[in-house]
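Structural overview
The primary structure of each chain is shown beneath.
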Amino acid sequence: MATNRTFTMLKPDAVANGYIGGILKMINEAGFRIVAMKYTQLTKDAAGKFYEVHKERPFYGELVDYMSSGPIVAAILEKENAVADFRTLIGATDPTKADEGTIRKIYAKSIAANAVHGSDSDENAQIEGDFYFSKLERF
Ligand code: UDP
Ligand code: MG
């Protein structure tokens, strides 16, 4: 079922580099409404669970270490066609391959420290949002 919601994290590199404001501005200007938002840090254990789908991939260990290395901003975003439109707004995983004007092209440092997460399906958007937010934390 299409929910018109997606889930994002502003990753530790984006937060550490002072890009929270710039990235949120792009998200707002692209027409996404903020349903839920949290400034928090993943434990290694929680990062491992969040990225469990990537367990067999060679970068999993580094990804878990990296995503638990500093605070992040987690959010649920709402818009028509949210999942696909947000993936377009963030650009390719590797910032050197991301289109001009995308969040990753502007703010990401590398394929690992790539500034922002975006859900890849409605199903994962639901699972990932539920990972962070209770019903009472959604508006
Ligand atoms: N990643 C990495 N090396 C790679 C591919 C991915 O470190 O070769 C990291 C990167 O932070 C990426 C995350 O793992 O955002 C999840 O990978 P995925 O393929 O799901 O990319 P995304 O959906 O974030 O574009
Ligand atoms: Mg992904």
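Residues numbered from 1 in each chain as written. Chains lettered and ligands numbered in written order. Predicted model: local features only at pLDDT ≥ 70, side-chain atom pairs only at ≥ 80, totals over all residues. Heavy atoms only, no water.

With respect to the overall build of the protein chain
Where we set the bar: Strands here are runs of E lasting at least two residues and helices are runs of H or I lasting at least four, both read from the DSSP assignment and numbered beginning at the N terminus. As a reference, a globule follows 2.2 Å times the number of residues to the power 0.38, and the radius of gyration itself is taken over C-alpha atoms. Burial here depends on accessible area, computed with a 1.4 Å probe over protein chains only, as a share of the maximum for the residue type. Under 20% is buried, over 50% is exposed, and the range in between is partly exposed. Note on contacts: a residue pair qualifies if any of its non-hydrogen atoms lie within 4.5 Å across the two residues. For the area figures, the Shrake-Rupley method with a 1.4 Å probe applies, and any residue is considered shielded solely by the protein chains shown. Lys and Arg are tallied as positive, Asp and Glu as negative. Neither His nor the chain termini are counted. A charge is said to be at NZ when it belongs to Lys, at CZ for Arg, at CG for Asp and at CD for Glu.
Along the protein chain, the regular secondary structure elements total seven helices and four strands. Going from N to C terminus, the protein chain has its helices and strands arranged as β-α-α-β-α-α-β-α-α-β-α. For 139 residues, the compact-globule formula gives about 14 Å, and the C-alpha radius of gyration of the protein chain, at 14 Å, lands near that figure. Viewed in the frame of its principal axes, the protein chain has a C-alpha envelope of about 35 × 35 × 25 Å. The buried share among the 139 residues of the protein chain stands at 45%. Look at the contacts in the protein chain between residues 6 or more apart in sequence, and 76% of them connect residues 24 or more apart. Counting every atom, the protein chain has about 7,400 Å² of accessible surface; 54% of that belongs to carbon and sulfur. Distance from the positive charge centre (17 side chains) to the negative charge centre (19 side chains) of the protein chain: 3 Å.

Quick notes on the site of ligand 1
Using the following cut-off: It suffices for a single heavy atom of a residue to lie within 4 Å of a molecule or strand for the residue to be listed as near it. Here a polar contact is recorded for every N or O atom pair within 3.5 Å, except that within protein the pair must consist of a potential hydrogen donor and a potential acceptor, and residues adjacent in sequence are included only if both atoms are side-chain atoms. Classification convention: Asp, Glu, Lys, Arg as charged; Ala, Val, Leu, Ile, Met, Phe, Trp, Tyr, Cys, Pro as nonpolar; all other residues, Gly among them, as polar.
Near ligand 1 you find Lys11, His54, Arg57, Phe59, Leu63, Arg87, Thr93, Arg104, Ile111, Ala112 and Asn114, and these make up its full shell. Within the side chain of lysine 11, an N or O atom sits 2.9 Å from an oxygen atom of ligand 1. Within the backbone of alanine 112, a nitrogen or oxygen atom sits 2.9 Å from an oxygen atom of ligand 1. Considering ligand 1 on its own, with 500 Å² of exposed area, one finds that the protein chains cover 82% of that surface. In the shell around ligand 1, the residues fall into four nonpolar, three polar and four charged.

A word on unusual backbone geometry
The backbone of asparagine 81 shows a phi angle near 60°, a positive value even though the residue is not glycine. Given a relative accessible area of 43%, asparagine 81 falls into the partly exposed group. The phi dihedral of alanine 115 falls on the positive side, at around 70°, and the residue is not glycine. With respect to the secondary-structure elements, alanine 115 resides in the loop between helix H6 (103-107) and strand S4 (116-118). We classify alanine 115 as buried; its relative accessible area is 0%.

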